[in-house]
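A closer look at the structure
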Amino acid sequence: MSFEDQESERLSSIDRYGHKKNIIPAPVRGRFHRQRTWVQGVLIIFFLMLPWIQIRGEQAFLIDLVHGQFAIFGLRFFAHDTPMVFFVLSTAAFGLLWATAVWGRVWCGWACPQTVFVDGVFRRIEKWTEGDYIRRRRIAQGEPRSLTDWLRTGLKWFLFFIVSSVLAHSAIALFSGSKALLSMMGHSPSDNWFYFVLVSSITGVLLFDFGWFREQFCVIMCPYGRFQSVLMDSTSLAVIYDEKRGEPRKGTPAAKEKGAGDCVACNRCVQVCPTGIDIRQGVQMECIACTGCIDACDEIMEKVNKPKGLIRYGNVDGTSWKIKKPRALVYLGLLLATVTGLSWSVASRQEIHWNLLRGQGPVFREIKNPDGSLSYSNHLRVHLQNQTRQAIHRRIQAFAAGQPLDITSAENPFVASADEMKTVHLFVIFPSSLLGADGKVPIEVRLVDETNPQNFRSQNYQLVGPSHGP
Ligand code: SF4
Ligand code: SF4
């Protein structure tokens, strides 16, 4: 392979020795830039506010791994709600697959935290502290720095650190709870080593990634970026250069021979690209669909009195962008199935979980009644988890063939406070006349609301006594 070939095969952000090239994109203006700025602003504010939004006095979004609880906008899930977590994750995954098959890397360009924070915050700080891109490029190419330049760079990294630290604290508050985080921040790190190390590590990672590594992450490390080529096809939406219209470029021998196309070879699309690629060479893996080159080229087209859209959203093979295609319909079908599953499991979930378990010890006990007849008792355990936000008052009742049975318990009725997991021990007593030949008595056990006895839930159970069968 010739040296030139090797150059064209290499990632634009890596030099011939494998070192990271410092790409300093030129600023861009235009309609997509304006729209993305709005979207980024909304997403950043949403992320920063998320840990502080309260619904009914509780954090609206909380992933409490320590206690196995999750809160998503007023709905609370517990460890045993695993099917719901499955549906949530599947919905997110199939949603992303469907969006990618139809709209390509729209997530990367518009909503990925990597792009949102690098573009929306870190590059702005860089420009504000270190000056315009021309000055920064000169310094990156080895021009000596003045003391002021060093001070500006120091200020930049100080602000980067502050922002990274704020983002790390916001992220951790989604797991620890914002109130708990505030309380921890008021104490010495030695009181909360785990969280202190965690927040410090995340701050360091964000500082490294958003401050220095940047689009290298998209190209080298992001698994979603790696999957793009299999998720997209030639009819997916992408940022494309209209080769038919643009070529031959102005100033080339072909242009002199056949007449120039619309591309004036100003290189502005390359200058603004944060991954350092030339979109005129076709759709490339490094393109994060940030739309910078669209705005840049539209600005040039306006200046040279040519129609906008030489670089635009389009599809790779120039036929037509398709929403209806087999792959997208399959993803959409799977997405609808998981959304249906999620809706069903949210609608049918109970906030009070209860199970009937057999008690330990003998399976049954014989009781001699004063009139000489026999009764039996079974030890049952009612395991209840109160996931509501208030105390509940409940009573256990048992019925055989519609007739109430006697229950002996130290805790019936009982109270379970908010979030309490409780086990109530019961001895259900039944006359021998109810016993079937197989030694079993089918019963209905009711969990009755003491404040509204018409409100109850029931489960079937089988009491056991001596068998008289063959
Ligand atoms: S090629 Fe255009 S859309 Fe793709 S990353 Fe570069 S500037 Fe953004
Ligand atoms: S910005 Fe447009 S006109 Fe300028 S080089 Fe890129 S494609 Fe050609």
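Just so we're clear, the structure is a prediction, and the values are computed from it rather than from any experiment. (Residues numbered from 1 in each chain as written. Chains lettered and ligands numbered in written order. Predicted model: local features only at pLDDT ≥ 70, side-chain atom pairs only at ≥ 80, totals over all residues.)

Quick look at the overall build of the chain
Along the backbone of the chain there are 16 helices and 17 strands. Over its C-alpha trace the chain gives a radius of gyration of 33 Å, far above what one expects of a compact globule, namely 23 Å for 470 residues. Viewed in the frame of its principal axes, the chain has a C-alpha envelope of about 120 × 55 × 45 Å. In the chain, buried positions account for 25% of the 470 residues. (Helix = DSSP H or I, 4+ residues; strand = E, 2+ residues; numbered from the N terminus. Rg over C-alpha atoms; globule rule 2.2 N^0.38 Å. Buried ≥ 20, exposed ≤ 12 C-beta atoms within 10 Å, placed from the backbone.)

Thoughts on the domain arrangement of the chain
Along its sequence, the chain is carved into domain 1 (3–230 + 325–342) and domain 2 (352–464). A separation of 52 Å is found between the C-alpha centroids of domain 1 and domain 2. (Domains from an automatic or database assignment.)

Details of unusual backbone geometry
Excluding glycine, residues mostly carry a negative phi; peptide bonds, for their part, are mostly trans. A cis amide bond, omega -10 degrees, links Glu247 with the succeeding residue Pro248. Within the secondary structure, Pro248 sits in the loop between helix H12 (243–246) and helix H13 (253–258). A cis amide bond, omega 10 degrees, links Asn412 with the succeeding residue Pro413. By secondary structure assignment, the location of Pro413 is in the loop between strand S13 (406–408) and strand S14 (414–416). Positioned with a positive phi, Asn267 is a non-glycine residue whose angle comes to about 70 degrees. Tracing the chain through its elements places Asn267 in the loop between H13 and helix H14 (268–271). What makes Asn267 partly exposed here is the crowd of 14 C-beta atoms within 10 Å. Its identity as a non-glycine residue notwithstanding, Asn305 has a phi of 60 degrees, on the positive side. Mapped onto the secondary structure, Asn305 falls in the loop between helix H15 (292–303) and strand S7 (311–315). Asn305 gets classed as exposed once you count the C-beta atoms within 10 Å, which come to 6.

Some details on the site of ligand 2
Taken together, the neighbourhood of ligand 2 is formed by 15 residues, with Cys263, Cys266, Arg268, Cys269 and Cys297 sitting nearest. Sorting the residues of the shell around ligand 2 by element identifies H14 and H15 as the ones contributing at least two each. Of the residues that constitute the shell around ligand 2, the class distribution is eleven nonpolar, two polar and two charged. (Near = placed C-beta within 6 Å. Nonpolar A, V, L, I, M, F, W, Y, C, P; charged D, E, K, R; others polar.)

As for the pairing of strand S3 (residues 61–64)
Of the pairings in the sheet, the one linking S3 to strand S4 (residues 69–72) comprises four bridges and is antiparallel in character. Paired with Leu62 across the bridge in S4 is Ala71. Counting the residues that bridge the hairpin from S3 to S4 gives four residues, and of these Gly68 lies at a positive phi of roughly 65 degrees. (Pairing = 2+ DSSP bridges.)

Let's talk about helix H8 (residues 178–185)
Every buried residue of H8 is accounted for by Ser178, Leu181 and Met184. Seen along its axis, H8 keeps its buried residues to an arc of 120 degrees; they face one direction. The inward-facing, buried residues of H8 contact strand S2 (58–59), helix H7 (147–176) and helix H9 (193–213). (Arc of directions from axis to C-beta. Contact = placed C-beta atoms within 7 Å.)

Regarding the site of ligand 1
Close to ligand 1 lie 14 residues, the nearest being Cys273, Cys287, Cys290, Gly292 and Cys293. Here the residues of the shell around ligand 1 sort into eleven nonpolar, three polar and no charged.

With respect to the nonpolar core
Trp98, Val239, Cys269, Ile279, Cys293 and Ile311 are the most contacted members of the largest nonpolar core, which has 53 residues in total. If you tally residues by element for this core, the top one is helix H3 (residues 82–103), at six residues. Among residues more than four places away in sequence, those in contact with Cys293 are Val239, Cys269, Val272, Cys273, Ile279 and Ile311. By size, the runner-up hydrophobic cluster in this structure holds 17 residues, among which are Tyr376, Val382, Leu405 and Leu447. (Core = buried A, V, L, I, M, F, W, Y, C linked by C-beta atoms within 7 Å.)

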